[in-house]
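Commentary on secondary and tertiary structure
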Amino acid sequence: MGEFNSVSKLELSRKLSNTGFETFLLSPAFHDKDALMLGNLDYQSLPSGINVHVANMLEQENAQCSTEIEPSISVCILLEGVIEFSLNQNTFSISAEHGPRVFAYANNKTVIFMRRLVENNKVKKVNISVSQEWMQQRLRSFTSLGANASLFENDIVVKEWSCDQQVLNVCEQFFEHRNHQNMLTDLYCEQYALTMFSHSVKYLLDGSYHEHSSIHTPIRSPFRAFEKEVDAFIFSKHNGADIAKKLGTSLSTLQRYFKEYHRATLSDYLRTKRLEAARHALIFEGKTIGEVAYMVGYNHSSNFVSAFKKHFNQTPTELVKQYAAYKV
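1. Remarks on the environment of leucine 58
- When you line up the elements, leucine 58 lands in strand S4 (residues 51–59).
- Residue class for leucine 58 comes out partly exposed when judged on its relative accessible area of 24%.

Given below as structure tokens:
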């Protein structure tokens, strides 16, 4: 494994923050300097918009780390060990016991990601991720992908396959350049990361590979997307007609858009976004159920609890217990 570096709770927090994960939870409780892992762990956001996470480490504790992930695509080349993780309430376990594996997930909605650490589990991996927006900018339209566009048709897709020799060779070059830092290291690493990612996308789009989870959501067309504009009104008192007027469009246009791309009315979409904000506040901000209910516009906590359970299939209390942890 090379030089053994101790990765503490404080160091993990710093590394994640530098990569944009400003809010995450770690449980059970650890002191800032407690060693969670031994080995090498690095997170880096490259200039091109690619995020790279490299690990060659021995996990020292049984723990779980949770964070919120915006719509993105992530590819992991697992060379050694076992990776256990959850996306919302869906749990996955990927093992390299019988040879290197590649697994990837695409989430088209914000999800809660939980990674489990297992004492004495040695993990060697390279993880490459990009935002959904990054991917959109590099494709003329999702519809151009044809019948194999399941990657963009689903809320969550998780697939795995055997790592082929081409990717293994690039992985070896990647680790080699990271072990010998010089002025060209970042350039080479960016090149290798893009090669591994692009090579893996074809497997994600190939329906013949093992798929762990698939929840249908419509394909997007290359015209005006209203989500970001409408999101500005999540906590406002404006009704649908007011929002449409402020956006310079008609209410019927908005309703058709959200019906086609979210299978929901505009009000249903806004309600979903409010409930997702409530989930975030409960998990990461430590707010009480009453505080969160008021924050998202419910005058009575009981109505909020009913709406939350209907949407997430668990009560706010059950959610808080599931992610019972201490904010780092």
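There's more to say after this.
2. Section: a nonpolar patch on the surface
- The grouping of Met183, Leu184, Leu187 and Tyr188 at the surface amounts to a nonpolar patch, some 450 Å² of accessible area in total.
- You can call tyrosine 188 partly exposed: its relative accessible area is 31%.

3. Regarding helix H6 (residues 240–247)
- Here H6 has its buried residues at Ile243, Ala244 and Leu247. Buried positions in H6, seen along its axis, are confined to an arc of 100° and lie on one side of it. Exposed positions of H6 whose direction lies more than 90 degrees from the buried face are Lys245 and Lys246.

4. Here we look at the packing of helix H8 (residues 266–284) against helix H10 (residues 301–312)
- Orientation of H8 relative to H10, taken along the N-to-C sense of each, is 100°, at an axis distance of 11 Å. Between H8 and H10, the crossing angle belongs to the class labelled roughly perpendicular. Two secondary-structure elements touch here, H8 through Thr272, Leu275, Glu276, Ala278, Arg279 and Leu282 and H10 through Phe304, Ala307, Phe308, His311 and Phe312.
- Its residues placed into classes, the contact of H8 with H10 shows seven nonpolar, two polar and two charged.

5. Points about the packing of aromatic side chains
- Counted by the stated rule, this structure contains 14 aromatic pairs.
- Note on tyrosine 105 and phenylalanine 113: the rings are 6.1 Å apart at their centroids and 25° apart in plane angle, and the pair reads as stacked. In terms of burial, tyrosine 105 and phenylalanine 113 fall into one category: buried.
- Geometrically, the ring pair formed by tyrosine 188 and tyrosine 192 is stacked, given 6.3 Å between the ring centres and 20° between the ring planes. Pair noted here: tyrosine 188 and tyrosine 192 are both in helix H4 (residues 185–205), with a separation of four residues, about one helical turn.
- Residue tyrosine 192 is classed as buried on the basis of its relative accessible area of 8%.
- Site record: aromatic cluster; members linked through ring pairs are Phe85, Phe92, Phe103, Tyr105 and Phe113.

6. Notes on unusual backbone geometry
- You will see that asparagine 120, though not glycine, has its phi angle at about 70°, which is positive.
- Relative to the helices and strands, asparagine 120 is located in the loop between strand S10 (111–117) and strand S11 (122–131).
- For asparagine 313, which is not glycine, the phi dihedral falls at a positive 60°.
- With respect to the helices and strands, asparagine 313 occurs in the loop between H10 and helix H11 (316–322).
- Residue classification places asparagine 313 among the exposed positions, given a relative accessible area of 63%.

7. So, the nonpolar core
- One finds Ile50, Ile77, Ile128, Phe174, Met196 and Phe197 to be the most contacted residues of the largest nonpolar core, which totals 33 residues.
- For this core, the elements supplying multiple residues, two or more each, are S4, strand S6 (72–80), strand S9 (101–107), S11, helix H2 (132–137), helix H3 (165–179) and H4.
- Here the element with the most residues in this core is H4; it accounts for nine residues.
- If we ignore the near neighbours within four places in the chain, the residues touching isoleucine 50 are Gln44, Ser45, Ile128, Ser129, Val130, Trp134, Ala193 and Leu194.
- Residues Ala278, Ile283, Phe284 and Leu319 belong to the second largest nonpolar core, which totals 19 residues.

8. What to know about the side chain of glutamate 160
- Mapped onto the elements of the fold, glutamate 160 is located in strand S12 (residues 154–162).
- Of the residues examined, glutamate 160 reaches a relative accessible area of 13% and is grouped as buried.
- A polar contact is formed between the side chain of glutamate 160 and the side chain of arginine 101, at a distance of 3.1 Å.

9. Section: the pairing of S11
- For S11, the tally of buried residues reaches seven of ten residues, placing the bulk of the element in the interior.
- Alignment of S4 against S11, held across eight bridges, turns out to be antiparallel. Opposite valine 54, over in S11, you have valine 126 as the bridge partner.
- Relative to S11, S6 is paired through eight bridges, and the arrangement is antiparallel. Paired with glutamate 80 across the strands is lysine 124, a residue of S11.

10. As for the confidence of the model for the chain
- Scored by pLDDT, the chain comes out at a mean of 81, with 82% of its residues at no less than 70.
- Looking at the elements of the chain, mean pLDDT is at its lowest for strand S13 (residues 210–216), recorded as 42, and at its highest for helix H9 (residues 289–295), recorded as 95.
- Taken as a whole, residues 142–148 scores under 50 in pLDDT and shows eleven contacts with residues more than four places along the chain or in a different chain.
- Segment residues 213–223 is flagged for pLDDT under 50; beyond a separation of four residues in sequence, or across chains, it makes 45 contacts in the model.

About the criteria used
- Residues numbered from 1 in each chain as written.
- Predicted model: local features only at pLDDT ≥ 70, side-chain atom pairs only at ≥ 80, totals over all residues.
- Heavy atoms only, no water.
- Helix = DSSP H or I, 4+ residues; strand = E, 2+ residues; numbered from the N terminus.
- Buried < 20%, exposed > 50% of the residue type's maximum accessible area, 1.4 Å probe, protein only.
- Patch = residues over 30% accessible without salt bridge, like charges linked within 9 Å, V, L, I, M, F, W, Y side chains within 5 Å.
- Areas by Shrake-Rupley, 256 points an atom, 1.4 Å probe, with all protein chains shown as cover.
- Salt bridge = Lys/Arg side-chain N within 4 Å of Asp/Glu carboxyl O.
- Arc of directions from axis to C-beta.
- Axes fitted to C-alpha atoms, helices over the stretch in contact; angles between N-to-C directions.
- Parallel < 35°, antiparallel > 145°, perpendicular 65-115°, else oblique.
- Contact = heavy atoms within 4.5 Å.
- Nonpolar A, V, L, I, M, F, W, Y, C, P; charged D, E, K, R; others polar.
- Phe/Tyr/Trp six-rings, centres within 6.5 Å; stacked < 30°, edge-to-face > 60°.
- Core = buried A, V, L, I, M, F, W, Y, C linked by side-chain atoms within 4.5 Å.
- Polar contact = N/O pair within 3.5 Å; in protein donor to acceptor, adjacent residues only side chain to side chain.
- Pairing = 2+ DSSP bridges.
- pLDDT = per-residue confidence, 0-100.

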